[in-house]
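Here is what each chain is made of, one letter per residue.
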Amino acid sequence: MAGNVARPHRPESPGRAVTGSIGRVIAYVVLVVFAVAIIYPLVWMTLNGFKSNAELFGDAWGLPTTWRWENFAKAWNLGVVRYLLNSVIVTGASVVTTILFSSLAAYALTRLRIPFAGAITVLLLGGMMLAPTVALIPLFRLIQALHIFDTYWALIILYTAFRIPFTVFLIRAYMITLSREMEDAAIVDGASRWQVFWLVVMPLCRPIIVSASLLQALFAWNEFVFALVFISDTNLKTLPVGLLAMQGRVLSDWPVLFAALTMAAIPMIVLFLLGQRQFIRGLSEGFGK
Amino acid sequence: MSQTSRLGRWSMLLWVAPAVVLLAVFVYYPVVDNVFLSLYRWNAFSPKEVWVGLDNYVNLAADPVFWSALFNNVAYAVVSVIFQVGGGLILAAVLEELVHGRWKGLFRTVYFIPAVISLTITGLLFQFIYNPQIGLLNQLLSGLRLDALQHSWLGESATAIWSIIAMSQWQSIGYVMVLFIVAMQRIPRELYEAAYIDGATRAQAFRRITVPLVREMTVLAMIITVSGAFLVFNEVQVMTAGGPNNSSHTLGTWLYKSAFFNDQMGYAAAIAVVIFLITVTAAIFQLFLNRGKVVQY
Amino acid sequence: MRTTTRATRPISRFFALAMTAGLVLAACSGSATPTPTAVPTAAPSPSVAAASTEPAASPSPNPSPAAELEGTITFLHKYSDPRYAPYFESVVAAYMAAHPKVTIQIQAESDQGVKDKLRVLAASKQLPDIYFSWAGDFSKKFVRGGLAKDLTGDITGAWKDSFVPAALDAYTYDGKLYGVPITLDAKYMAYNKKLFADNGVAVPTTLEELLTACDTFKAKKIEPIAFGNQYGWPAIHYLTQLNPYFVPAATMATDYDPATGAFTDPGYLNSLQAFADINTRCLTKGSNGISHEAAQAQFLAGKSAMHYIEAVEFFAFTEKGGAPADFANNWDFFKLPAPASPAGDVGTLEGAPDGFLVNPGSQHLDIAIDFLKFLTNADNAKKLVADLGWLSPVQGSATADDTFAQNVTVVQDIAKAKAMAIWLDTVTQIDVANAYLNGLQAMLDGTKTPAQVVADIQAAAAKAKTEN
C-alpha cells in the first residue's frame, strides 16, 4: 500500500515544497476526477427527472430541452408524499425512543451501581453483532403474534431494538469520559438521580446525542428489509419500499421515477448538510475513546 | 456510598429495562428461534410444520446457490475492504495533507453524500446506469470508443454481482473516508513536522505515522465493512433480486427468496443461522485481533 | 463547550421537521391533498386516486337485494400501474356509494411485487378478504393450504352463466370452483406491418418461417423481435406456447401436475432448443438486463419488427392508449407459429384468465362475494373493456362498438382455441417454475445449454414429487 501522494526520494523541506508540486497536481486531479465520478450519477438522476420519456431514450447525456416540473408533481402525487410522511413518522418516533432508552441505559451503566451491570453491558453491546436480516423469519411470526403487523409500531419497535446496541455504545463511551463534577455537585445539592440525568448529564451529552440522532435517523430513513416485509398497506409504506413499488408501477414513464428518486434523496442530503458539523464532531468525540 | 437501599438498587434496573427487554425479545430471541425453525419444513401455505431434523442444513450444503451466495458475500467483503478501507484511508490522507480550508470541507461533503442516500434510490439509479441500451456506462464506453467492453451489466451472470459491488463502493467510500479523517485529525501535527525535518517523504510519513495511529479506526472500519458485506440485501434485491439465474444472490437475498418466493421457510431459517454464525465469528475474530494493541504516542 | 441547558431535542430533528413542513406546504399548494395517515392503526383510508380519469361509461350500481351489507373488507390486486388502478378505484367507489355501510380498502401491488407480497401476507395470516392470484398451481397452493374459499356454491345461476366456461375452468380444482376471473388474456406476436411490407416479409405460418423472417430483418439491421427478460417471465411465456407444440397434450398435463411430473419426454428438450434458436436469430441481445417495458418502447418507436405480448397490453398500441397515430394504424398480430411437424397440439393457445380468490377466514364473506359479483357484472365488464382495453371473461362484453378491432379478433381467436396454455411459471409447482426461470436466464446469457436446463427441470420435478 504505497502512498502515491508525492514524488519519493527527495527530502522535503518544511513549508511549501516546490519539488512535490507535480505530485500535488496529480493528486488534485485525482481528487477532482473522483469527486466528479461520485457526484455525476446524482446529477444525471436529477436531470433525468426533467426529461420526457423520448428524450431519456434518445439522448442519455444531454440536457432536457424543457424543464418538465410536471414530472415532479406527478411523482409527488403518485405516492412520494405519502411515503415521505410515513418515513418521517417512523424515523422521528424511532429516534426519540432509541435515544431515550439508550441514554437511560448508558447512564445507568456508567453512573449507577445496578445489579448484573457486566452482564447487561455485554447483552446490550453484543447486540451489535446481530443483524436484522438474520432475525427476519422469527420476527415475522413474532410481529404477527403481537398483532402489530402492517402498523407503524412494528417498524418503530424494531428500529429501536436493533439500534440500541450501537447507540448505547456511542453514548456510554462518551459518558464514561465526562467529568463528574457537576453531577456530584447536583447530588450534594439534593437532586435525585433522575433530575441529575435530565438536567445535568443529558445537556452535557448534547454532541453525542446529536450525532447518535443523526445516525439513527439515517438508519431508520433508509431501512429496507423490515419495511418491506412488515408493512403491506400502500398507505403505510416508507420511502425505500414505496419507491420500489413505484418502480413496479411506472414501468413506462421513467422520468417520473427519476423525479421521485430525486425528491426522495433530498431530505437526507439536506439533513446531512445542515448537521454535518455536529455529526463529525459527535463522531470524533464518540470514537476518540 | 451505600446510601442506596436494596430496593433502590433493584429499582435502578428500571433504567435499563426498556433497552434490555426490547433487545431480549426482538434481537436475541429470534436468534434462538431461528435454530428451532430451521429444523422444520414449512411455508406460508402449509397448514402445519413438518419435522425434518437437519435436512435443511444438508440441503444447504448441497445447494450450489448457497455456495455461490456465500462466495458473493466474501467477494463483497474483500472488495469493500480494499476499496473502502484501503481506498478510504488513502483518500483521507490525501485530503488531509493536500487540501485546506473550504475546499477540504467541499470535497469531504461531496464524497460523503452518496452514503446518506437510501440504497433503494442508488440501486434504482444504477439499474438505469447499467442499462445496456440507454445507460450511462455503456454510453460512456461507446463515447470512449470502447464499444467492445459494453455489457448487459446486470443481465449477465458473470458481471451482475460485480456491478452491484462496484455500486456499493461508490456509495460507501466517502463514509469510511470521513471516519478516517476524524481519526487523522487527532494526530498531532508535530509528529509530521518532526518526520519531515528528519527527511521523510510524504509516503514514508503516511506509512510510519498515519497508518499506525489510525489503527483503531482501521479495525472499526474493517468490522463495519466486513459485517456489512455479509448482510447485504437492499441493493441486490433492488437491482437484480438475485438474478440472472441466481448468480447475484447474497445470503440475505437468498434467504428472502427461499422464504417468500420458493416457499421454504425452514430452509431460510437455516440460512439465517449460517449468516449469524459467520457474522458473529467475524466480529469476534476482528475484535480479538485488536485486543490490547493500542498505539501510544 | 456549549453551556445551553436546553432540552435534549437536537437541532437536527427540528430541522428535519421544519423541512418536512416546508415540503408538505409546497406540495399542498399545487397538488391534490394527500390523505394523512393515522398514527399506528391498521385501518387507514383507501388509497388516493392519482389524477383519476373520468370513466367512459359510469358503472351502474347493482343494488344488492339482500339485507343491508355492513363492514370493511380488504381487496388486493396487482394493478397498481397508473393506467389500470383508476378503474378499480372507481368500481370500488361506486360499490361503496351503493352500500354506504361498506368500506373496501384497496391494496394495489405491482405484477412482480404481488408475488412475494402474497406469501408474506399468507404466512402472517393477514391475507386480504379478496386477493389476486394467477391460475394454475399458483392458486392451487392457496387451496391446498386452506386459504381459498370454495366458491362452487356461491357462483351459481345467472352469474355463473355469464362467464366464458374456459375462464371458470382455469380456477377449478378437483371439481370445485375457487376463483372469480376478471380478465381474459392470450399471448401473441405483435408485428409492425410497415416494416414487414417494406422488407417483403409475409406473416410466418411456421416456426421455421419465423426464423427466416428474423434473418431477413437482421440482415437489414432491423431488430427482429424486441425482447426484455428482466424478471424472467417473458422468456417463460415463449416456452408456455412452445411446450404444447412439442409435447403431446396428455403427457404435458401429467408432467405439469406436481404429484406426477417427470419431464422425460424429448419434446421438452426440443422446445427449449427451439427457444434457443429463436434467441440466437431473433431476440435482443443482453435481454436479462432489459425490462419488458423497455423492449416494448423500442417496438413502439418502430425500431423492431415484432414483439411478443399479451392481449391485455394491446391497448398501449392504440391511439386511445397513448400510441402515436402512425403506429396505431400500423400493427397487427399473429399467434407464435408451431414448427412444421409438431409432436404436440397446434390448437393450443397461450393464455389464461386473471382472477381473485376469497379468504375463507374473512369476517365478511357476504360483502366479498357480493363485491366480486358487482365487479363482474355486465356494466363493469364493459367498462373494463372500454377503459383498460382488456378482455373480460363475461360474455358479450367485448363488441366492435366498445373496443378496437384487434381485441375483437382476439375474442374470436380465443373462442376457436382448442385449449389454453396457462403461463408456465404459475401453472407448475414453484421448484419446477424456478428451474425454468433460472434455466432460461442462463440460456440467454450463454451459461447453460438446453440439455442442462432439462436436467435441472427433471431434478426439480422429482423434488416436487417427494415434497407433496
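Residues numbered from 1 in each chain as written. Chains lettered and ligands numbered in written order. Predicted model: local features only at pLDDT ≥ 70, side-chain atom pairs only at ≥ 80, totals over all residues. Heavy atoms only, no water.

**Student:** Would you take a moment to explain the overall build of chain A for this structure?
**Tutor:** Along the backbone of chain A there are twelve helices and zero strands. Ordered by position in the sequence, the α and β elements of chain A form the string α-α-α-α-α-α-α-α-α-α-α-α. Scaling as 2.2 N^0.38, a compact globule of 289 residues should have a C-alpha radius of gyration of about 19 Å, whereas chain A reaches 25 Å, well beyond that. The 289 residues of chain A split such that 63% are buried. In the form shown here, chain A has an accessible surface area of approximately 10600 Å², with 68% of it arising from carbon and sulfur atoms. Where the 21 positive side-chain charges of chain A centre and where its 13 negative ones centre are 6 Å apart. (Helix = DSSP H or I, 4+ residues; strand = E, 2+ residues; numbered from the N terminus. Rg over C-alpha atoms; globule rule 2.2 N^0.38 Å. Buried < 20%, exposed > 50% of the residue type's maximum accessible area, 1.4 Å probe, protein only. Areas by Shrake-Rupley, 256 points an atom, 1.4 Å probe, with all protein chains shown as cover. Lys, Arg positive; Asp, Glu negative; His and termini not counted. Charge placed at Lys NZ, Arg CZ, Asp CG, Glu CD.)

**Student:** Please explain the environment of Pro64 of chain B as it appears in this structure.
**Tutor:** All names here are of chain B. Take Pro64: it is sitting in helix H4 (residues 64-98). Relative accessible area serves as the criterion here: at 60%, Pro64 is assigned to the exposed category. Considered as a pair, Pro64 and Asn246 are 182 residues apart in the sequence and their alpha carbons are 9.6 Å apart.

**Student:** Hey, could you run me through the interface of chain A and chain B in this one?
**Tutor:** Bring the parts together and some accessible area is lost; that lost area is often taken as the interface size. Listed by partner, the interface residues are 101 residues for chain A and 96 residues for chain B. Approximately 9000 Å² of surface area, both sides summed, lies buried where chain A meets chain B, with 80% of it carried by carbon and sulfur atoms. Sorting the residues of chain A by area buried against chain B places Leu31, Val134 and Ile137 of chain A first, and these three jointly supply 8% of that buried surface. Where chain A touches chain B, the interface holds one salt bridge. In this structure, the salt-bridge partner of Glu49 of chain B is Arg141 of chain A, at a minimum N-O distance of 3.1 Å. The tally of links between chain A and chain B comes to ten residue pairs in polar contact (both at pLDDT 80 or more). (Contact = heavy atoms within 4.5 Å. Buried area = accessible area lost by both parts, 1.4 Å probe. Salt bridge = Lys/Arg side-chain N within 4 Å of Asp/Glu carboxyl O. Polar contact = N/O pair within 3.5 Å; in protein donor to acceptor, adjacent residues only side chain to side chain.)

**Student:** Can you help me understand the interface of chain C and chain B in this one?
**Tutor:** Each partner contributes residues to the interface: chain C has 31 residues there, and chain B has 24 residues. For the pair chain C and chain B, the summed buried area comes to about 2200 Å², and 52% of that belongs to carbon and sulfur atoms. The largest per-residue losses of area from chain C upon contact with chain B belong to Asp116, Arg119 and Asn438 of chain C, which jointly make up 22% of the total buried on that side. Scanning the region where chain C abuts chain B turns up one salt bridge. Of the charged contacts, one joins Asp263 of chain B and Arg119 of chain C as a salt bridge, the two residues approaching to 2.6 Å between their closest N and O atoms. Here chain C is connected to chain B by nine residue pairs in polar contact (both at pLDDT 80 or more). Within the residue set of the side of chain C that touches chain B, elements represented by two or more residues are helix H3 (113-123), helix H4 (137-144), helix H18 (430-444) and helix H19 (450-467) of chain C. Top contributing element to the side of chain C that touches chain B by residue count: H18 of chain C, with seven residues. A per-class count over the side of chain C that touches chain B returns eight nonpolar, 13 polar and ten charged. (Nonpolar A, V, L, I, M, F, W, Y, C, P; charged D, E, K, R; others polar.)

**Student:** Would you take a moment to explain the side chain of Asn56 of chain B for this structure?
**Tutor:** Residue and element names in this part refer to chain B. Structurally, the position occupied by Asn56 is in helix H3 (residues 55-62). On the basis of relative accessibility, which here comes to 6%, the residue Asn56 falls in the buried class. In this view, Asn56 contacts Ser38, Tyr40, Gly266, Tyr267 and Ala270; residues no more than four positions away in its chain are not counted.

**Student:** Whenever I open this one, the packing of helix H3 (residues 69-111) of chain A against helix H2 (residues 13-37) of chain B confuses me. Can you help?
**Tutor:** Each pair of packed helices can be summarised by the angle the axes make with each other and by the distance between the axes. Following both chains from N to C, one finds H3 of chain A and H2 of chain B inclined at 120°, their axes separated by 7 Å at the closest point. Classified by the angle their axes make, H3 of chain A and H2 of chain B are oblique. Handedness of the H3 of chain A/H2 of chain B crossing: left-handed. For the pair H3 of chain A and H2 of chain B, the contacting residues are Phe101, Leu104, Ala105, Tyr107 and Ala108 of chain A in the first and Trp15, Val16, Pro18, Ala19 and Leu22 of chain B in the second. Looking at the contact of H3 of chain A with H2 of chain B residue by residue, the classes come out as ten nonpolar, no polar and no charged. (Axes fitted to C-alpha atoms, helices over the stretch in contact; angles between N-to-C directions. Parallel < 35°, antiparallel > 145°, perpendicular 65-115°, else oblique. Left-handed = near helix turned anticlockwise from the far one by under 90°.)

**Student:** Can you walk me through the pairing of strand S1 (residues 71-77) of chain C in this structure?
**Tutor:** Consecutive side chains along a regular strand alternate between the two faces of the sheet. Residue and element names in this part refer to chain C. For S1, the tally of buried residues reaches six of seven residues, placing the bulk of the element in the interior. Examined bridge by bridge, S1 and strand S2 (residues 102-108) share seven bridges and lie parallel to one another. Bridge assignment links Ile73 to a residue of S2, and that residue is Ile104. Where S1 meets strand S3 (residues 130-134), two bridges bridge the pair, whose relative direction is parallel. In the sheet register, Leu76 faces S3, and the bridge partner there is Tyr131. (Pairing = 2+ DSSP bridges.)

**Student:** How do you make sense of unusual backbone geometry when you look at a structure like this?
**Tutor:** A negative phi angle is the norm for most residues apart from glycine, just as the trans form is the norm for most peptide bonds. The linkage connecting Gly243 of chain B with the following residue, Pro244 of chain B, adopts the cis geometry, with an omega of -15°. Examined against the element boundaries, Pro244 of chain B turns out to sit in the loop between helix H12 (234-239) and helix H13 (251-260). For Phe116 of chain A, which is not glycine, the phi dihedral falls at a positive 60°. Within the secondary structure, Phe116 of chain A sits in the loop between H3 and helix H4 (117-126). Exposure remark for Phe116 of chain A: the relative accessible area of 53% places this residue in the exposed category.

**Student:** For this particular structure, what's the right way to read a nonpolar patch on the surface?
**Tutor:** A cluster of nonpolar side chains, Trp61 of chain A together with Leu140, Leu144, Leu146 and Leu149 of chain B, forms an exposed patch at the surface whose accessible area comes to about 450 Å². Relative to the elements of secondary structure, Leu140 of chain B occurs in helix H7 (residues 136-143). (Patch = residues over 30% accessible without salt bridge, like charges linked within 9 Å, V, L, I, M, F, W, Y side chains within 5 Å.)

**Student:** Honestly, the state of the cysteines in this entry has me stumped. Any pointers?
**Tutor:** A covalent bond bridging the sulfur atoms of two cysteines is what the word disulfide describes. Residue and element names in this part refer to chain C. Under the criterion given, the structure shown has one disulfide over all chains. Here Cys214 connects covalently by a disulfide to Cys282, the sulfurs 2.1 Å from one another. Here Cys214 and Cys282 share a disulfide; its torsion about the S-S bond, 100°, makes the bridge right-handed. Of the two residues, Cys214 sits in helix H8 (residues 207-219) while Cys282 sits in the loop between helix H11 (266-281) and helix H12 (292-300), which places them 68 residues apart along the sequence. Its relative accessible area of 0% is what places Cys214 among the buried residues. (Disulfide = S-S within 2.5 Å.)

**Student:** Would you mind going over H19 of chain C with me for this structure?
**Tutor:** Along an α-helix, a turn takes 3.6 residues, which lines up residues three or four apart on a common side. All names here are of chain C. For H19, spanning 18 residues, the distance from its first C-alpha to its last is 26 Å, which sits close to the expected 26 Å at 1.5 Å a residue. All of the buried residues along H19 are Pro450, Val453, Val454, Ile457, Ala460, Ala461 and Ala464. When H19 is viewed along its axis, its buried side chains cluster within an angular range of 125° and face the same direction. Where H19 is buried, its residues contact H11 and H18. (Expected span 1.5 Å × (residues − 1). Arc of directions from axis to C-beta.)

**Student:** When you look at the nonpolar core in this model, what are you seeing that I'm missing?
**Tutor:** Soluble, globular proteins show a tendency: their nonpolar side chains are buried together. Core analysis: the largest hydrophobic core is formed by 331 residues, its most contacted members being Phe230 of chain A together with Phe142, Phe275 and Met306 of chain C. The element that contributes the greatest number of residues to this core is H3 of chain A, accounting for 19 residues. Two domains each donate at least three residues to this core, and these are domain 1 (47-185 + 352-421) and domain 2 (186-350 + 424-467) of chain C. Non-local contacts of Met306 of chain C, meaning those with residues more than four positions away in its chain, are made with Met189, Ala190, Tyr191, Phe196, Leu210, Cys214, Phe217, Pro224, Ile225, Ala226, Phe299 and Phe334 of chain C. (Core = buried A, V, L, I, M, F, W, Y, C linked by side-chain atoms within 4.5 Å. Domains from an automatic or database assignment.)

**Student:** Help me understand a positive patch on the surface in this model?
**Tutor:** On the surface, a cluster of positive charge is made up of Arg113, Arg180 and Arg193 of chain A together with Arg9 of chain B. If you trace the backbone, Arg113 of chain A turns up in the loop between H3 and H4.

**Student:** Looking at this structure, I do not really get the packing of aromatic side chains. What am I missing?
**Tutor:** Aromatic ring pairs: the centre-centre distance and the angle between the two ring planes describe each pair. All told, the structure shown has 69 aromatic pairs over all chains when counted by the stated rule. With a centroid separation of 4.8 Å and an interplanar angle of 80°, the aromatic rings of Phe45 of chain B and Phe142 of chain C are classed as edge-to-face. With one member in each of two chains, Phe45 of chain B in the loop between strand S1 (40-41) and strand S2 (50-51) and Phe142 of chain C in helix H4 form a pair that bridges those chains. Given a relative accessible area of 7%, Phe45 of chain B falls into the buried group. On the basis of relative accessible area, Phe142 of chain C is assigned to the buried category, the value being 0%. Taking the centre distance of 6.2 Å and the plane angle of 35° together, the rings of Tyr256 of chain C and Phe263 of chain C count as tilted. The two residues Tyr256 of chain C and Phe263 of chain C agree in class, both being buried. When the ring centre of Phe138 of chain C is taken as reference, the NZ or CZ atom of Lys141 of chain C above it lies at 4.2 Å. (Phe/Tyr/Trp six-rings, centres within 6.5 Å; stacked < 30°, edge-to-face > 60°. Lys NZ or Arg CZ within 6 Å of the ring centre and 35° of its normal.)

That's the geometry; what it means functionally is another story.
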